[in-house]
Number of protein chains: 4
Amino acid sequence: MSEPVCLVIGAGAGIGGHVGKRFAKEGYHAVLCRRSDGAGLERLVQDIESEGGRATGYLLDASEPDTLEDRVVAIEAEIGPIEVVLFNLGAQIGNRSLAETSDKQFELGWRLATFGLFRVARAVCPAMEERGRGTILVTSATAAMRGNAGQHSHAAAMGGRRMLCQTLNAEFASKGIHVAHVLIDGAVDAPDTLGKLLGPERFEQLRAARGREKDGLMLPREMAETYLHIAKQHRSAWTHEIDLRAYSDTAWWNHG
Amino acid sequence: MSEPVCLVIGAGAGIGGHVGKRFAKEGYHAVLCRRSDGAGLERLVQDIESEGGRATGYLLDASEPDTLEDRVVAIEAEIGPIEVVLFNLGAQIGNRSLAETSDKQFELGWRLATFGLFRVARAVCPAMEERGRGTILVTSATAAMRGNAGQHSHAAAMGGRRMLCQTLNAEFASKGIHVAHVLIDGAVDAPDTLGKLLGPERFEQLRAARGREKDGLMLPREMAETYLHIAKQHRSAWTHEIDLRAYSDTAWWNHG
Amino acid sequence: MSEPVCLVIGAGAGIGGHVGKRFAKEGYHAVLCRRSDGAGLERLVQDIESEGGRATGYLLDASEPDTLEDRVVAIEAEIGPIEVVLFNLGAQIGNRSLAETSDKQFELGWRLATFGLFRVARAVCPAMEERGRGTILVTSATAAMRGNAGQHSHAAAMGGRRMLCQTLNAEFASKGIHVAHVLIDGAVDAPDTLGKLLGPERFEQLRAARGREKDGLMLPREMAETYLHIAKQHRSAWTHEIDLRAYSDTAWWNHG
Amino acid sequence: MSEPVCLVIGAGAGIGGHVGKRFAKEGYHAVLCRRSDGAGLERLVQDIESEGGRATGYLLDASEPDTLEDRVVAIEAEIGPIEVVLFNLGAQIGNRSLAETSDKQFELGWRLATFGLFRVARAVCPAMEERGRGTILVTSATAAMRGNAGQHSHAAAMGGRRMLCQTLNAEFASKGIHVAHVLIDGAVDAPDTLGKLLGPERFEQLRAARGREKDGLMLPREMAETYLHIAKQHRSAWTHEIDLRAYSDTAWWNHG
C-alpha cells in the first residue's frame, strides 16, 4: 500500500478535521493525530471512511520527545509518502497576566506551537526534498502578528512560529517544498476549541443563530477549501502568507 | 442580456488577460479594458470567444476623468452586473533617481495605481452593496511593502494603494464586498510588460529555457487560478492579503 | 548671514511649532512655514526670539506649484544651509465613507502629504548631498500602517508617504542624508489640530484634567526631544522608523 | 546604599558594556551580568569605576533556572531599585540547515532569547509597577522581522521575543513600565561577538580602516545614546519599536 498522505497534526473537529476530510475526498490518505479524545478521533476516521475516503487516526502527545518523529517514519513506511502536512496545533491558554503565567505554561506554548513545527518539518523535509515536492500548511493566529495583553505565552509561540515558517520557506522552497502560513484572524466554529471555551449551551446558541458567520464565526469546512487550494498551487505561483477572516469581522489591524 | 461580469482594468497578455480568460471559462462575461493596442485587445476577445466564452474589449485611459466611471455605468446597463473587478494597472516606470523623477511621472504613478482604484471602487461599490455581494481583486507589487531605491513613484503609489485596499475592506466587507490585495512578489511571464522591458529576443530566450519558472518567472495562467479561488471563497473565510511568488524565487523579506 | 536652518513645513502650535522651538534652542535658525493664520505664525516667531533664538515665518500653500521649491532656494540663498527639514503636513479630514469622499478630497490628501514630501525632498537633497549631510524628519500617523474605515484619503496618502520615506532613505542614506519616519500613534495635545476638531471648550476641559497625558494626549514639547535626538544620532546608528505614543494609550496593533 | 540600578543582562564589550557605561555616567549603578569571561567583566567594572561611576559585575547563566530571578531579588535588596533593564542576550549561532539544527540548539535559542526575557520581566515588573515606573530595553535583531535561510533557531527565538515585547507593553505601559524593542539592523563593532566570529586579525583589519562605520559597522558607544534617550523619554511620548542601522548600510527590507 502506498497512498499519498495528508498528515494532520492537531486533528480536532474544527480546521484539522475538516482539512483531513477535504484532502481525503481529493484522494489523500488522511492521517489524523491528536493528543486526546480517542472517541472523537475514531468518529472522524469513520466519517471519512463512510464517504469512501481513507483515514487513520493516532493519539499523540506532541510535547513528548520522538512522538512526532516516530510517527512520520512509521507513516512513510507503512502508509505512503507524506505529500502534505497540516500543522494545526494551537497554544492558546486564554488571557493571563504576566504574574499568573508560569514557566511551565510559557514553555508549553513554545514546545507545542513552535518546537513542534520545527520537529515535524525536520522529520518530513528529507523525504519531501528527495521527492522534489511537498507541502507544509501551518495554521496560525493573529497572535503571530501582534502581542495583545495577557497573551505572553501564545504570542511568543506564534511569533516564533511565523519566523520559522519563513526560515523553512527560505531553505526549502527552491527544493520544491511549499510552506504556507495561514493566518486565522477570527473565531472558528470549532466544537473542540471554541465550543469548550464557551460551554455546550452557549456554543449551540451561538451556532443556532441563522447565518452563523454573521457573528464572525468562520466555518472550517469552507476554510478547508483554501488550504486545499494552496496545496494545489502551481509552483510558479505559490502563496507563503495568507489571511482568512469572516466577512462580518474586522481585520486585526483595524480594531480601535 | 444580463450576464455576470468580470471587469478587468489593465487587460494585457499577462495577469489581466489570463484572469479574464479564466473567469470567462467560469461563465463570466469578461470585460477587458486597456489603454492601447487595440489589436492585442481584439485577439484576447477572440481567444475567449473561440473557447466558447463571452468577452468585450474597450480601449480606455484610466488617467482621464470619467473614463472608468462611465465604463462602469455602461457595463451595468448594457452587459450585466459587475460581480468581479480585477484592478490590474501597474505604475512601474523602472528605477529613476529622485532628481530624474519629474512631477508628472510621480503624479502619473499615483493617478493610475492609487486614484484609479479609488475611482473604480467608488463607481462599482453602490451596485455591489445593493446586491449584497461583489469582489474587487487588486494586483499589487512588492513595492507596496517596501520602498527600494529608484522606486519613488512606484512605491508611493503602491503603498498608498495597499492602505486603500484596507480602508475599502474596512468599509465594505460587512456589506458583502470582498476586497483582496494580491501581492505579486516576482517577475511575471508577461509579454506586454516584462516582454517589452527586455525586448522580444531576450524575452524569448528567457521563455524558451525549459522550465520557465525555474528562472523565477511566474506563469499568469497559473496565477489566475488563485485569483479565481479568492473570488469563490465563502464569505465566512475571506482572504484580504495574499502573496504569490515562484518556488525558485526568494521572498522579498529574505533578500540580503 | 549663514546659520544652520531647521525648516518646518507645517508649523502649527503642536509638533511643528515645538520642534521649531527645540531646534532654535539648539542653535538652528527655525524657518516656520504654514498655510494660514499669520498671527499664530508671528506669535511662534516671537516666542522663539524672546528666548534668544532665531526664527522666520512664511505663509505657504504646499498644494500650489513651486511654493516649496522656491522657498527652499530662497532660504539657502538668504538664511543658511538647510540642515534639518521637518515635514509635518497632515492630511486628516476626519472619517468619510467612500461615497462621500470626492475626487478633490482624495487628491488633496495625496497632494499635501505624499507629493509635498516628494517635492521638498527633491528640492533639498542636492544641497544636502553636496554637503554630505542632512536630516529629513517626517511626522507620520497610524494611517501609514493600516487603513481604517472612512480613512480612504488619509490612509492612501500616508501609506504612500511611508514607502516614499523608504525610497528616499534607500537612495540617500549612504550620501549622508538621514530620513526618519516618526509614527505618531495617538492624539497630540495640539490646539491647531485636535483643538479645532474638539472646539475650544471641550479641548480646554480635556487639557485641564490633571495629568493631561493620562487621557492619552501626547505633549508636543516632549515629543520634540525625540525629533531632536534623531537629528543628532551618529551616522553609524541611525533610526529610520520609530513610533511614539502615550504610556496610557494602546498601540495600534493591540486594539480589539 | 540605595542607588538607581541599570541592570544589563548580556554585558559584553559591545552594546551591553557601552550601555552600562553610558547609564553609569548618568548616575545609575550599572549591574553587569554575563555568562563567562570574568576578566572581561572585571575590566568593564573597572572602566566604569575609573570614570567615577558605580558598577558591579556578576557571572550568570541565563539558561539555568532561578539565576535571573535570584539576581533581581538580590540587587533590589542589596544595591537599589532596578530602574532600567537592558536585555541584551543574543541567540545567533550562525547559519545552519534544518538538518544540522539540533533540538538542543533550537531550544537554547528560545531559552536564552525568549524565555530569558519572560523570566526577567516577570521578576522585575512587580517592583517597577509598585514604584509606578521602570524601563525594559530589549536589543533585537533583524531576525525578529523576517526569517532568513539557516536562521531557524535564531529567527524563531527573536520573532517570539518581539511579540513578547508587545504583550509586555500591552500589560505594563499604563502602569508606567516602558518596554522598548530596539532592532539592530546591521553588524556591530563588538569584539565579543563579531570579533570572535571573524577572528582577531580580520576584525582588527576591519576596524583599522578609517571611518569604520563606512563598512556598515555600528559603533556601540553611539548606539548607547539612543538607548539612553529612550529611557529618558517622557511618558506622554514613548517609543515602543525603533530600528538602528549604519548610514552606509541597507535596510533589511531593501535588500534584493
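Procedures and definitions
- Residues numbered from 1 in each chain as written.
- Chains lettered and ligands numbered in written order.
- Predicted model: local features only at pLDDT ≥ 70, side-chain atom pairs only at ≥ 80, totals over all residues.
- Heavy atoms only, no water.
- Helix = DSSP H or I, 4+ residues; strand = E, 2+ residues; numbered from the N terminus.
- Rg over C-alpha atoms; globule rule 2.2 N^0.38 Å.
- Buried < 20%, exposed > 50% of the residue type's maximum accessible area, 1.4 Å probe, protein only.
- Contact = heavy atoms within 4.5 Å.
- Areas by Shrake-Rupley, 256 points an atom, 1.4 Å probe, with all protein chains shown as cover.
- Lys, Arg positive; Asp, Glu negative; His and termini not counted.
- Charge placed at Lys NZ, Arg CZ, Asp CG, Glu CD.
- Phe/Tyr/Trp six-rings, centres within 6.5 Å; stacked < 30°, edge-to-face > 60°.
- Lys NZ or Arg CZ within 6 Å of the ring centre and 35° of its normal.
- Polar contact = N/O pair within 3.5 Å; in protein donor to acceptor, adjacent residues only side chain to side chain.
- Pairing = 2+ DSSP bridges.
- Right-handed = clockwise from strand over helix to strand, strands pointing away.
- Buried area = accessible area lost by both parts, 1.4 Å probe.
- Salt bridge = Lys/Arg side-chain N within 4 Å of Asp/Glu carboxyl O.
- Nonpolar A, V, L, I, M, F, W, Y, C, P; charged D, E, K, R; others polar.
- Least-squares fit on C-alpha atoms with pLDDT ≥ 70 in both.
- Axes fitted to C-alpha atoms, helices over the stretch in contact; angles between N-to-C directions.
- Parallel < 35°, antiparallel > 145°, perpendicular 65-115°, else oblique.
- pLDDT = per-residue confidence, 0-100.
- Left-handed = near helix turned anticlockwise from the far one by under 90°.

Next up on the list: the overall build of chain A. The number of helices and strands found in chain A is eight helices and seven strands. In summary, chain A has a C-alpha radius of gyration of 18 Å against a globular reference of 18 Å for 256 residues, a match within 12%. Taken along the three principal axes of its C-alpha coordinates, chain A extends 50 × 40 × 35 Å. Each of the 256 residues in chain A was classed as buried or not, and the buried ones make up 63%. Taking the intrachain contacts of chain A between residues at least 6 apart in sequence as the baseline, contacts between residues at least 24 apart amount to 73%. Here chain A displays about 9300 Å² of accessible surface, and carbon together with sulfur accounts for 48% of that area. Once the 29 positive and 33 negative side-chain charges of chain A are each reduced to a mean point, those two points are 3 Å apart.

Under the counting rule described, the total for this entry stands at 36 aromatic pairs over all chains. Seen in terms of ring centroids, Phe-115 of chain A and Phe-118 of chain A are 6.0 Å apart; in terms of plane orientation they differ by 15 degrees. Their pairing is stacked. Separated by three residues within a single helix, Phe-115 of chain A and Phe-118 of chain A lie in helix α4 (residues 103-131), roughly one turn from each other. Of the residues examined, Phe-115 of chain A reaches a relative accessible area of 5% and is grouped as buried. For Phe-118 of chain A, a relative accessible area of 0% puts it in the buried group. Through successive ring pairs, a cluster of aromatic residues spans Phe-106, Trp-110, Phe-115 and Phe-118 of chain A together with Phe-106, Trp-110, Phe-115 and Phe-118 of chain D. For Arg-71 of chain C, the ring lying beneath its charged end belongs to Tyr-58 of chain C, and the centroid distance is 3.6 Å.

Here His-152 of chain D lies in helix α5 (residues 152-172). For His-152 of chain D, the side chain forms a polar contact with the side chain of Thr-167 of chain A, separated by 2.8 Å. Of the polar contacts made by the side chain of His-152 of chain D, one reaches the side chain of Glu-171 of chain A; its length is 2.7 Å.

All names here are of chain C. Judged from the six bridges that link them, strand β2 (residues 29-34) and strand β3 (residues 54-59) form a sheet pairing that is parallel. Directly across from Ala-30, in β3, lies its bridge partner Ala-55. With respect to chirality, the unit in which β2 leads through helix α2 (residues 38-50) into the neighbouring parallel β3 is right-handed.

Contacts between the two partners involve 40 residues from chain D, matched on the other side by 40 residues from chain A. Surface buried jointly by chain D and chain A totals about 2900 Å² across both partners, of which 68% is contributed by carbon and sulfur atoms. Sorting the residues of chain D by area buried against chain A places Leu-98, Phe-106 and Trp-110 of chain D first, and these three jointly supply 21% of that buried surface. Summed over the shared surface of chain D and chain A, the result is four salt bridges. Of the charged contacts in the structure, one is a salt bridge between Arg-122 of chain A and Asp-103 of chain D, with a shortest N-O distance of 2.5 Å. There are 14 residue pairs in polar contact (both at pLDDT 80 or more) connecting chain D and chain A. Taken together, the elements giving at least two residues each to the side of chain D that touches chain A come down to α4 (103-131) and α5 of chain D. Looking at the side of chain D that touches chain A element by element, the count peaks at 13 residues for α5 of chain D. The residue makeup of the side of chain D that touches chain A, split by class, is 19 nonpolar, 13 polar and eight charged.

Moving on: the relation of the copies chain A and chain B. By a simple turn and slide, chain A fits onto chain B: the slide is 0.0 Å along the axis, the RMSD is 0.0 Å, and the turn is 180 degrees. Such a turn and shift between the copies fits a two-fold axis. Proximity to the rotation axis, assessed at the C-alpha, singles out Ile-242 of chain A in chain A; its C-alpha lies 2.3 Å from the axis. A shared binding surface is used by both copies, with 97% of the interface residues of chain A retained as interface residues in chain B.

With that out of the way, let us pick up the relation of the copies chain D and chain A. With an RMSD of 0.0 Å, chain D superimposes on chain A once it is rotated by 180 degrees and translated 0.0 Å along the axis. Looking at chain D, 100% of its interface residues are interface residues in chain A too, so the copies touch through the same face.

Moving on, we come to the pattern of salt bridges. Residue and element names in this part refer to chain A. Going through the model one piece at a time under the given rule, you end up with 68 salt bridges over all chains. Between Arg-245 and Asp-185 there is a salt bridge, and its shortest N-O distance comes to 2.7 Å. Placement of Arg-245 in the segment after β7 (241-244) and of Asp-185 in the loop between β6 (177-184) and α6 (191-198) is noted, with a sequence separation of 60 residues between them. Residues Arg-245 and Asp-185 agree in their burial class; the two are buried.

Where helix α8 (residues 220-232) of chain C meets helix α8 (residues 220-232) of chain D, the axes come as close as 11 Å, and the angle between the chain directions of the two elements is 180 degrees. Viewed along their axes, α8 of chain C and α8 of chain D adopt a mutual orientation that is roughly antiparallel. Here Glu-225, Thr-226 and His-229 of chain C of α8 of chain C lie close against α8 of chain D, whose contacting residues are Glu-225, Thr-226 and His-229 of chain D.

Listed as interface residues are 33 residues of chain A and, on the opposing side, 33 residues of chain B. Both sides of the chain A and chain B interface together cover about 2900 Å² of buried area, and 53% of this is carbon and sulfur. Of all residues in chain A, the largest losses of buried area upon contact with chain B belong to Arg-235, Ser-236 and Tyr-247 of chain A, amounting jointly to 24% of the total for that side. Inspection of the region where chain A meets chain B yields zero salt bridges. Seen at the junction of chain A and chain B, the total is 20 residue pairs in polar contact (both at pLDDT 80 or more). Within the residue set of the side of chain A that touches chain B, elements represented by two or more residues are α5 (152-172), α8 (220-232) and β7 of chain A.

Next up on the list: the environment of Met-158 of chain C. Residue and element names in this part refer to chain C. Turning to its location among the elements, Met-158 is positioned in helix α5 (residues 152-172). Note on Met-158: relative accessible area 2%, which makes it buried. Taking C-alpha positions, Met-158 is 8.0 Å from Trp-110, a pair spaced 48 residues apart along the chain. Apart from the residues lying within four places of it in its own chain, the contact partners of Met-158 are Leu-89, Gly-90, Ala-91, Ala-113, Ser-140, Ala-141, Ala-143 and Ala-144.

Residues and elements named next belong to chain D. Counting buried positions over the six residues of strand β2 (residues 29-34) gives six, a clear majority of the element. Every second residue of β2 is oriented toward a common face, with His-29, Val-31 and Cys-33 on one face and Ala-30, Leu-32 and Arg-34 on the other, all of them buried. Two elements, strand β1 (residues 5-9) and β2, share five bridges in a ladder whose sense is parallel. Within β2, the position partnered with Val-5 by the bridge is His-29. With helix α1 (residues 15-25) bridging β1 and the parallel β2, this β-α-β connection has right-handed handedness.

The subject of this paragraph is the confidence of the model for chain A. Within chain A, residue pLDDT values average 94, and 96% of them lie at 70 or more. In the predicted complex, the global pTM is 0.96; the interface-specific ipTM is 0.95.

With that settled, consider the packing of helix α1 (residues 15-25) of chain C against α8 of chain C. Packed helix pairs are specified by the crossing angle of their axes together with the interaxial distance, meaning the distance between the axes. All names here are of chain C. Contact geometry for α1 and α8: axes closest at 8 Å, N-to-C directions at 55 degrees. Here α1 is positioned oblique relative to α8, judged by the angle of their axes. In this structure, the crossing between α1 and α8 has a hand that is right-handed. Of α8, the residues touching α1 (which contributes Ile-15, His-18, Val-19, Arg-22 and Phe-23) are Pro-220, Arg-221, Met-223, Ala-224, Glu-225, Tyr-227, Leu-228 and Ala-231. Of the residues that constitute the contact of α1 with α8, the class distribution is nine nonpolar, one polar and three charged.

We now examine unusual backbone geometry. All names here are of chain A. Look at Asp-66: it is not a glycine, yet its phi comes out positive at around 70 degrees. Assignment of secondary structure puts Asp-66 in the loop between β3 (54-59) and α3 (67-78). Residue class for Asp-66 comes out partly exposed when judged on its relative accessible area of 46%.

Turning our attention to the side chain of Gln-151 of chain A. With respect to the helices and strands, the residue Gln-151 of chain A is situated in the loop between β5 (134-141) and α5. Under the relative-accessibility criterion, Gln-151 of chain A is labelled buried at 8%. Separated by 3.1 Å, the side chains of Gln-151 of chain A and Gln-92 of chain A make a polar contact. Within the local environment of Gln-151 of chain A, its side chain forms a polar contact with the side chain of Asn-95 of chain A, the two groups lying 2.6 Å apart. Apart from residues no more than four positions distant in its own chain, Gln-151 of chain A is found in contact with Gln-92, Gly-94, Asn-95, Ala-143 and Ala-156 of chain A together with Thr-167 of chain D.

Residue placement: Leu-244 of chain C occurs in strand β7 (residues 241-244). In this structure, the C-alpha to C-alpha distance between Leu-244 of chain C and Ala-208 of chain C, residues 36 residues apart in sequence, is 23 Å. For Leu-244 of chain C, the contacting residues outside a window of four places in its chain are Val-182, Leu-183, Ile-184, Asp-185, Met-218, Met-223 and Thr-226 of chain C together with Gln-233, Ala-237, Trp-238 and Thr-239 of chain D.

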